[in-house]
Amino acid sequence: MMTCKILVVDDDPSIRESMKEFLNISGYDASLAKNAEDALEYLIHHPVDIVITDIMMDGMNGLELTDQIKKQYDIKVIVITGFSADYSYEEAVNKGASDFIFKPIRFEELILRLKRVIKERELEKERNEMLEKLKKMAITDALTKLYNSRYFYQQLEIEVGRHNRYKHPISLMLLDIDHFKQFNDSYGHLEGDKVLMILGKIIRCCLRKSDTGYRYGGEEFTIILPETNIIDAEIVAKRVQETLKHETITPLPGKVHNITVSIGITEYVYGEELSEFIQRADKAMYQSKANGRNQISIILNTDVE
């Protein structure tokens, strides 16, 4: 476990030095700031887990400092004061403080409060990580590690909205695994899942950071290509097909199977409905199938009768 980094902020040099010494002896990594302004400057350049600050200081006081810290950083704050009549626990909490203790400071009490705040921070981190994991699970296809169809519609709407504002090109690619049903019927769904995973891996490695791949449904996949015209989209499609040439699967001993995909591509036209955009990509993909599969077909809005 990494040592907890603590910044002590107090305009009384004897108090802040004694606190630093005690905290360091207790196993923490303590640093000092003589006022709120110095503390904010320190935080720009150094990672800190917890700030312990006096309330009464020249210039910005401890509650104002707490407010500034909570607006800019994910840092816990413990507020210390000797003026219990002037400041309440509620005021400190409303500014974002995690705890509030009074002078004269008993170091044993400070350590207990500090341990409680550290535990609170750890629990929050675990909860946030779990929420992030659940969020990712909600938008990700577990088998292929690509995004799922629900997230596809959300992102496509966002990208099309950006296109309509800035007139940047956006292309859409729809891919379908050739003869996938026959493969599943012949070798079973476990082998079919391997094919889906292979294509998911290929799609992920062939895309730029700005591109996003999705399992659209069954053996169909789609790729959103922002800032991409139809010519560049075709280059991505060829890259996917070329990479797939080097991938094989052996569903039975001695039986080697090559994976191919039929691909349809189209480019968005300003102001059109999302459904038209998607249907045109779908039509292009079926055109590839009609042309013998393992093909790339392009249909532009001007090609649609």
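Look a little higher up for the structure.
Here's what I pulled together on the structure shown here. These figures come from a predicted structure and were not determined experimentally. (Residues numbered from 1 in each chain as written. Predicted model: local features only at pLDDT ≥ 70, side-chain atom pairs only at ≥ 80, totals over all residues. Heavy atoms only, no water.)

So, the environment of Tyr-270
Consideration 1: For Tyr-270, the position within the fold is in the loop between strand E12 (261–267) and helix H10 (274–290).
Consideration 2: Judged by its relative accessible area of 52%, Tyr-270 falls in the exposed class.
Consideration 3: Sequence separation of Tyr-270 and Arg-165 is 105 residues, and the distance between their C-alpha atoms is 9.5 Å.
Consideration 4: Excluding residues within four positions of it along the chain, Tyr-270 makes contact with His-163, Asn-164 and Lys-167. (Helix = DSSP H or I, 4+ residues; strand = E, 2+ residues; numbered from the N terminus. Buried < 20%, exposed > 50% of the residue type's maximum accessible area, 1.4 Å probe, protein only. Contact = heavy atoms within 4.5 Å.)

As for empty space enclosed by the protein
Consideration 1: Within this structure, the stated rule accounts for one cavity of 30 Å³ or more.
Consideration 2: As a volume, the largest cavity reaches approximately 30 Å³.
Consideration 3: What lines the largest cavity is Ile-177, Asp-178, Phe-180, Phe-183, Val-195, His-257, Asn-258, Ile-259 and Thr-260.
Consideration 4: Elements that contribute at least two residues to the lining of the largest cavity include exactly helix H7 (180–187) and strand E11 (255–258).
Consideration 5: The class makeup of the residues in the lining of the largest cavity is five nonpolar, three polar and one charged. (1 Å grid on protein atoms, 1.4 Å probe; cavity = no way out; pocket = protein on both sides within 12 Å on 5 of 7 lines; lining within 4 Å. Points joined across faces, edges and corners; volume = space filled by probe spheres on them. Nonpolar A, V, L, I, M, F, W, Y, C, P; charged D, E, K, R; others polar.)

Structural notes on the state of the cysteines
Defined simply, a disulfide is a covalent bond joining two cysteines at their sulfur atoms.
Consideration 1: Scanning the model with the defined rule gives zero disulfides in all.
Consideration 2: Cys-206 takes part in no disulfide bond, and the closest cysteine sulfur, belonging to Cys-205, lies 4.1 Å away.
Consideration 3: What makes Cys-206 buried here is its relative accessible area of 3%. (Disulfide = S-S within 2.5 Å.)

What about the pattern of salt bridges?
Consideration 1: Tallied over the entire structure, the rule returns 24 salt bridges.
Consideration 2: In this structure, Arg-113 engages Asp-99 in a salt bridge whose closest nitrogen and oxygen atoms are separated by 2.8 Å. Here Arg-113, found in helix H5 (residues 107–139), pairs with Asp-99, found in strand E5 (residues 99–102); they are 14 residues apart in sequence, far enough to count as distant.
Consideration 3: A cluster of three or more residues bridged by salt bridges with shared partners is formed by Lys-76, Asp-99, Arg-106, Glu-109, Arg-113, Arg-116, Glu-120 and Glu-124. (Salt bridge = Lys/Arg side-chain N within 4 Å of Asp/Glu carboxyl O.)

Notes on helix H3 (residues 62–72)
Consideration 1: Those residues of H3 that sit buried are Gly-62, Leu-63, Leu-65, Thr-66 and Ile-69. The buried residues of H3 all sit within an arc of 155° when viewed along its axis, so they share a single face.
Consideration 2: The opening residue of H3 is Asn-61, an N-cap whose side-chain oxygen sits 3.0 Å from the backbone nitrogen of Leu-63. (Arc of directions from axis to C-beta. Polar contact = N/O pair within 3.5 Å; in protein donor to acceptor, adjacent residues only side chain to side chain.)

Let's talk about the sheet that holds strand E6 (residues 147–148)
Consideration 1: Spatially, six strands are ordered E6-E8-E9-E7-E12-E13 in an open sheet, and the strand pairing comes out mixed. On the outer flanks of this sheet lie E6 and strand E13 (296–298), each paired with one strand and no other. (Pairing = 2+ DSSP bridges.)

None of the figures reported here should be taken as evidence of function without further support.
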